[in-house]
Amino acid sequence: MIRVVLASCRLPRRRPVVAAGRDVPATAAETAGATETRRFVSTDVRPPAPASKVALKTSDWERHTHQDQELVKGLGLTSATMLVMGSMIGSGIFIVSAEISREVNSPALLIGAWAITGFLTIVGALTYGELAAMMPRAGGQYVYLRESLGPLWGFLYGWTLFLVIQTGTIAAVGVAFGKFLGIFWPAISSSNWIVHIWKVPKFQIGPMMLGGMDVGLNTQNLTAILVVVALSVINIFGVKTGAIIQNIFTAAKVSALLGLVLFGIFLGRNAQAIAANFGANFWRNAGLGALHDVGGGAGASVLVSTLTVLAIAQVGSLFSADAWNNVTFTAGEVKNPSRNLPLSLAVGTGVVISLYIACNFIYLTALPLVGNPTGATLLERGIQFAKEDRVATAVMTQMFGSAGGALMAVAIMISGFGCCNGLILSGARVYYAMAKDALFFRSVARLHPTYKTPAVSLMVQMVWTCVLCISGSYGQLLDYIIFAVLVFYVLTIVGLFVLRRTHPEAERPYKAIGYPILPAIYIVMALFIDIVLLRYKPQFTWPGLFIVLLGIPVYYIWRPRSQTSSV
């Protein structure tokens, strides 16, 4: 992505480490600074390059190496793995299976949708492991795009991350925390307004229905704001402090998911649900030649193939499994990153995906997939029409009555709190890296003088997240952005192919398993999903694409500052 350090943090000018294909004698200080540089810049004998270009390339990598030396290496393998798992597990796994079930109308395809998500997530993580080991820099995916495809692509990712992806997810998870807390304290509600500013009217632009949100402060989003503010402030007091919170809450929510699976196996088996979902019924509507109605009941039916409906169903499952890449944002603070980053990505995604698929099997053993929206009992409503789509709550209530529902609400609150912490901790590192490149507000590059954390970045992220909470727009924004998230994953994996060609000599402590076949399969599958979403879910795709493209003029507004800082 972008390669410039703020003028106020500029290092003394150094001689190039590499010139005319040989090592240049250097002082001890220069040699220390150049050690990491030679990981990415070859010192092999090659046809001479123009000295100015070699010097620019080397000094640029030196600047980014220095950038990360400012940070404290406070995350070990356990903390990095917990960050992967904790950022992935939010409230989605407890809810989105209802929507997926309505779309696929088949037990086998429900599992198939999660299996596809699992394959894409694990292949993506294994591929990112190579990039993380080769470039263990603060900013992670932002850095990979900057170095492989150029500064513009890095900026567009960081822009979208700040505007919607990270902050919108934090807002949504925070509000979900307030929603489930309201089960125990009814005064916490989206209808209990402290200040109601405006009800935005609905309006349609092409296939997109916009508006309809309530702007103002109610007790539910106030709870979310208090959570965001508290966690943002706590994360100022050192990365180790944030990691301790992350480890505690991730262990709790992984235990909650594992408990759901074990309770389901030994206590939750329901004969009616098993008869309806397994045996011959398991493969109902799952043939490759089957047609599926994705018209949503509005107007004429829209019939699509099984592969197409599985692609459409990825909106919910991919979003529920997203944020596994957040650990790469904190790479500058990971101990032994060349080993621990790839390992944490592989272990973290593998554990979470296994639990996700197991949970969906438990849903199928406890409740019939097909249900009636007006059903009077949990079994009559089924997975498809669980109240407010709370499938996990319905399953636990089926097993333990109202106490089970309350227990699941607590588990979801724990999950949401831990997820918020992981997203807050990691997201701030991206804006810090952008500011170091003079592509964000300069003050965001400042570290706390005592704790060496990106305190200003944490505060800026906190303010924008709180604005999204009050605006009520985060739900629509997140619907719009899953398409763009997938595009950036594809571009980053394309970047791996580019770097293999442009920097074959770079040190790679870990190489992507299955390269080039598995990364290529990922690209093909992800592009197919995006094309399907563009065709059949335009209301979720075109707005996200517009948000990304809006970053292009913003980049060219910021770029002159970046160029000035590099002089």
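Check the entry above for the structure.
What you are looking at is a predicted structure, and each value in this text was computed from that prediction instead of being measured. (Residues numbered from 1 in each chain as written. Predicted model: local features only at pLDDT ≥ 70, side-chain atom pairs only at ≥ 80, totals over all residues. Heavy atoms only, no water.)

Asker: It is not clear to me how the overall build of the protein chain should be interpreted in this structure. Could you clarify?
Answerer: Tallying secondary structure elements over the protein chain gives 21 helices and eight strands in all. Counting only residues that meet the buried cut, the protein chain has 57% of its 567 residues in that class. Contacts spanning at least 24 positions in sequence make up 79% of the contacts within the protein chain whose residues lie at least 6 apart. A total accessible area of about 22000 Å² is found for the protein chain, and carbon and sulfur atoms account for 68% of it. (Helix = DSSP H or I, 4+ residues; strand = E, 2+ residues; numbered from the N terminus. Buried < 20%, exposed > 50% of the residue type's maximum accessible area, 1.4 Å probe, protein only. Contact = heavy atoms within 4.5 Å. Areas by Shrake-Rupley, 256 points an atom, 1.4 Å probe, with all protein chains shown as cover.)

Asker: When you look at the packing of aromatic side chains in this model, what are you seeing that I'm missing?
Answerer: In this description, an aromatic ring pair is defined by two values, namely the gap between the centres and the angle between the planes. This structure, assessed with the given rule, holds 23 aromatic pairs. Judged by centre distance (6.2 Å) and plane angle (85°), the rings of Tyr128 and Tyr144 are edge-to-face. Of the two residues, Tyr128 is situated in helix H5 (residues 107–134) and Tyr144 in helix H6 (residues 141–149); the sequence distance between them amounts to 16 residues. Both residues of the pair, Tyr128 and Tyr144, belong to the buried class. With a centroid separation of 5.8 Å and 5° between ring planes, the pair formed by Phe278 and Phe282 is classed as stacked. (Phe/Tyr/Trp six-rings, centres within 6.5 Å; stacked < 30°, edge-to-face > 60°.)

Asker: What exactly am I supposed to notice about the pattern of salt bridges here?
Answerer: Between side chains of opposite charge, pairing is possible as soon as their charged atoms come close. Scanning the entire structure with this criterion turns up twelve salt bridges. Where Arg102 meets Asp389, a salt bridge forms, and the shortest distance between an N and an O atom there is 3.0 Å. Taken as a pair, Arg102 in helix H4 (residues 97–104) and Asp389 in the loop between helix H15 (378–381) and helix H16 (391–400) lie far apart in primary sequence, 287 residues in all. It is possible to trace a salt-bridge network through shared partners that takes in Glu99, Arg102 and Asp389. (Salt bridge = Lys/Arg side-chain N within 4 Å of Asp/Glu carboxyl O.)

Asker: Is there a simple way to think about the nonpolar core in this case?
Answerer: Where a protein is soluble and globular, its nonpolar side chains tend to be buried together. Residues Leu260, Tyr363, Val395 and Tyr522 are the most contacted members of the largest nonpolar core, which totals 156 residues. Looking at which element gives the most residues to this core, the answer is helix H17 (residues 402–436), with 17 residues. The residues touching Leu260, leaving out its near neighbours within four places in the chain, are Cys359, Ile362, Tyr363, Ala392, Val395, Met396, Met399 and Met408. (Core = buried A, V, L, I, M, F, W, Y, C linked by side-chain atoms within 4.5 Å.)

Asker: In this structure, what is going on with the side chain of Ser232? I would like to understand it.
Answerer: The residue Ser232 is located in helix H8 (residues 219–234) in this model. Here the side chain of Ser232 touches Val228 through a polar contact of 2.7 Å, landing on its backbone oxygen. Apart from the residues within four sequence positions on either side, Ser232 is in contact with Ile424, Leu458, Met459 and Met462. (Polar contact = N/O pair within 3.5 Å; in protein donor to acceptor, adjacent residues only side chain to side chain.)

Asker: Is there a simple way to explain the packing of helix H7 (residues 151–181) against helix H18 (residues 455–471) in this structure?
Answerer: Each pair of packed helices can be described by the angle between their axes along with the distance between the axes. Put simply, H7 and H18 touch, their axes get as near as 9 Å, and they point 65° apart. The element H7 and its partner H18 pack so that their crossing is right-handed. The residues of H18 that touch H7, namely those facing Phe162, Leu163, Gln166, Thr167, Gly168, Ile170, Ala171 and Val175, are Val460, Gln461, Trp464, Thr465, Leu468 and Cys469. Taken together, the residues of the contact of H7 with H18 sort by class into nine nonpolar, five polar and no charged. (Axes fitted to C-alpha atoms, helices over the stretch in contact; angles between N-to-C directions. Left-handed = near helix turned anticlockwise from the far one by under 90°. Nonpolar A, V, L, I, M, F, W, Y, C, P; charged D, E, K, R; others polar.)

Asker: Would you mind going over the side chain of Ser415 with me for this structure?
Answerer: Note on placement: Ser415 falls in helix H17. A polar contact is formed between the side chain of Ser415 and the backbone oxygen of Ile89, at a distance of 3.3 Å. Filtering out sequence-adjacent residues up to four positions away, Ser415 remains in contact with Ile89, Gly90, Phe94 and Lys253.

Asker: Hey, could you run me through unusual backbone geometry in this one?
Answerer: Trans peptide bonds make up most of the peptide bonds, and negative phi angles are found at most residues other than glycine. Following Tyr515, the chain continues to Pro516 via a peptide bond in cis, the omega torsion being 0°. Position of Pro516 among the secondary structure elements: in the loop between helix H19 (474–502) and helix H20 (517–536). Positive phi, close to 65°, is recorded for Asn285, a residue that is not glycine. As for its position among the elements, Asn285 is in the loop between helix H10 (271–277) and strand E7 (291–293). Positive phi values are uncommon outside glycine, yet Ala438 reaches one of about 60°. You can see Ala438 is positioned in the loop between H17 and H18.

Asker: So what exactly am I meant to see when it comes to H20 here?
Answerer: The periodicity of an α-helix, 3.6 residues per turn, causes residues three or four places apart in sequence to face the same way. With 20 residues, H20 ought to run about 28 Å at 1.5 Å a step, and its terminal C-alpha atoms sit 29 Å apart, in line with that. Those residues of H20 not exposed but buried are Pro519, Tyr522, Ile523, Ala526, Ile529, Asp530, Val532 and Leu533. (Expected span 1.5 Å × (residues − 1).)

Asker: Just to check I follow, could you spell out the packing of H4 against H5 for this structure?
Answerer: Following both chains from N to C, one finds H4 and H5 inclined at 120°, their axes separated by 9 Å at the closest point. Taken together, the axes of H4 and H5 are oblique relative to one another. Seen along the crossing, H4 lies across H5 with a hand that is right-handed. Between H4, through Ser97, Ile100, Ser101 and Val104, and H5, the contact on the second element is made entirely by Leu109, Leu110, Ala113 and Trp114. Among the residues forming the contact of H4 with H5, the class breakdown is six nonpolar, two polar and no charged. (Parallel < 35°, antiparallel > 145°, perpendicular 65-115°, else oblique.)

Asker: Would you mind going over the state of the cysteines with me for this structure?
Answerer: By definition, a disulfide links the sulfur atoms of two cysteine residues through a covalent bond. Counted under the stated rule, the structure contains zero disulfides. Between Cys469, a free cysteine, and Cys466, which holds the nearest cysteine sulfur, the sulfur-to-sulfur gap is 5.8 Å. Residue Cys469 is classed as buried on the basis of its relative accessible area, which comes to 2%. (Disulfide = S-S within 2.5 Å.)

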